[in-house]
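For reference, the chains in residue letters:
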Amino acid sequence: MSKILVEKDGPVRTIVLNRPAARNALDLDGSALLHEAFLDFERDESAAVAVVCGADGTFCAGADLNEMADKGAIYSPWAGTDGPLSRPLSKPLIAAVEGHAVAGGLGIALFCDMRVASETAVFGFFCRRFGVPGSDGTSVRLPRLVGVGRALDILNTGRAVDAHEAKAIGLADRVAPEGQARATAEAIARSMAALPQTALLADRWSALNQGGMSLAEALQAEAEGAERAKRTSARDGAARFAAGAGRGGARADEQ
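Below is a summary of the structure that appears in this document.

The rules behind each value
- Residues numbered from 1 in each chain as written.
- Predicted model: local features only at pLDDT ≥ 70, side-chain atom pairs only at ≥ 80, totals over all residues.
- Heavy atoms only, no water.
- 1 Å grid on protein atoms, 1.4 Å probe; cavity = no way out; pocket = protein on both sides within 12 Å on 5 of 7 lines; lining within 4 Å.
- Points joined across faces, edges and corners; volume = space filled by probe spheres on them.
- Nonpolar A, V, L, I, M, F, W, Y, C, P; charged D, E, K, R; others polar.
- Pairing = 2+ DSSP bridges.
- Helix = DSSP H or I, 4+ residues; strand = E, 2+ residues; numbered from the N terminus.
- Axes fitted to C-alpha atoms, helices over the stretch in contact; angles between N-to-C directions.
- Contact = heavy atoms within 4.5 Å.
- Salt bridge = Lys/Arg side-chain N within 4 Å of Asp/Glu carboxyl O.
- Buried < 20%, exposed > 50% of the residue type's maximum accessible area, 1.4 Å probe, protein only.
- Right-handed = clockwise from strand over helix to strand, strands pointing away.

Turning our eyes to something else, we now look at empty space enclosed by the protein. For the structure shown, the criterion picks out one cavity of 30 Å³ or more. By residue class, the composition of the lining of the largest cavity is two nonpolar, two polar and two charged.

Below, the discussion takes up the sheet that holds strand 2 (residues 12–17). Spatially, 1-2-3-4-6-9 is the arrangement adopted by the six strands of the open sheet, whose pairing is mixed. Every interior strand has two partners, whereas the edge strands, strand 1 (4–9) and strand 9 (174–176), have only one. The average angle at which neighbouring strand axes cross in this sheet is 20 degrees, direction not considered. With four bridges joining them, strand 3 (residues 49–54) and strand 4 (residues 93–97) adopt parallel strand pairing. If you follow Cys53 over to strand 4, its bridge partner there is Ala96. Sheet strands in contact with helix 7 (residues 181–193) are strand 1, strand 2, strand 3, strand 4, strand 6 (114–118) and strand 9, and its direction is about 165 degrees off that of strand 4.

Right, let's talk about the pattern of salt bridges for a bit. In total, this model carries 15 salt bridges according to the counting rule given. Where Lys3 meets Asp27, a salt bridge forms, and the shortest distance between an N and an O atom there is 2.6 Å. Here Lys3 is found in the segment before strand 1, whereas its partner Asp27 is found in the loop between strand 2 and helix 1 (28–43), with 24 residues between them in sequence. Residue Asp27 is classed as buried on the basis of its relative accessible area, which comes to 7%. Measuring nitrogen to oxygen at the nearest pair gives 3.0 Å for the salt bridge that ties Arg87 to Glu42. Of this pair, Arg87 sits in the loop between helix 2 (65–71) and strand 4 while Glu42 sits in helix 1, and the two are 45 residues apart along the sequence. Residue Arg87 is classed as partly exposed on the basis of its relative accessible area, which comes to 44%. Connected through shared salt-bridge partners, Lys3, Arg19, Asp27, Asp29 and Asp64 make up one network.

For the rest of this paragraph, the subject is the pairing of strand 3. Most of strand 3 is tucked away: six of the six residues are buried. Residues Val49, Val51 and Cys53 line one face of strand 3 and the alternating positions Ala50, Val52 and Gly54 line the opposite face, and both faces are buried. Looking at chain direction, strand 2 and strand 3 are connected through six bridges and run parallel. When the bridges of strand 3 are listed, Thr14 appears paired with Val51. Note that the unit made of strand 2, helix 1 and strand 3 has a crossover that is right-handed.

Looking at where Gly137 falls in the secondary structure, it is placed in the loop between strand 7 (122–124) and helix 4 (138–146). Placed 30 residues apart in sequence, Gly137 and Gly107 show a C-alpha to C-alpha distance of 5.9 Å. Gly137 has contacts with Ala79 and Leu142, leaving out every residue within four places of it along the chain.

And the structure:
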């Protein structure tokens, strides 16, 4: 059975980390397969949003330390130049977290646009406990998401962060009932896929890329990215609004 499964539902792709006996830890082969699944999603013009989750109630325990210990396996940095977590994907990716998202599993969750955590979710930089450094982007993405102080608390101690604390500090975006993280994430993905994509992708690009720019540069980049949407979907959307769509709190794409 494949270590990475991909399921298709219209414009939504669900990528399943599938090594439950190893708490969905990724060995060298699994890391390469995950990277290929991300690239396939990007190349698939019929796919708009992807969800990544783990099999059997666990998200991911990170890199396979047993392989590292037994075979002396050397893992290239997942967030290195050619790694699976090196750059944001060109389309939205949502993490559906049941159980542990720790060490490199936390890195995968942080790589995503959003994180839906079930009541069972546990986040943590558990590799701290074993002297294994992070090379999956966690030390970069976590401070940008939750702030340097909170990130250092998590990075320095290697402690566990439950779903409700994760939601409170901005590490998780939604909390779902136990066993419902995937279904909740897929529902969000379907909702996002139904929206006009040109404008969504332009605004997403602006949000992801503005951090290294001055205010003036970021505003100019936003304006340039918006031009295509203004020439296409914005006019159609304005016409639907003028005709009554989206009034009274209803979504315009549902009318």
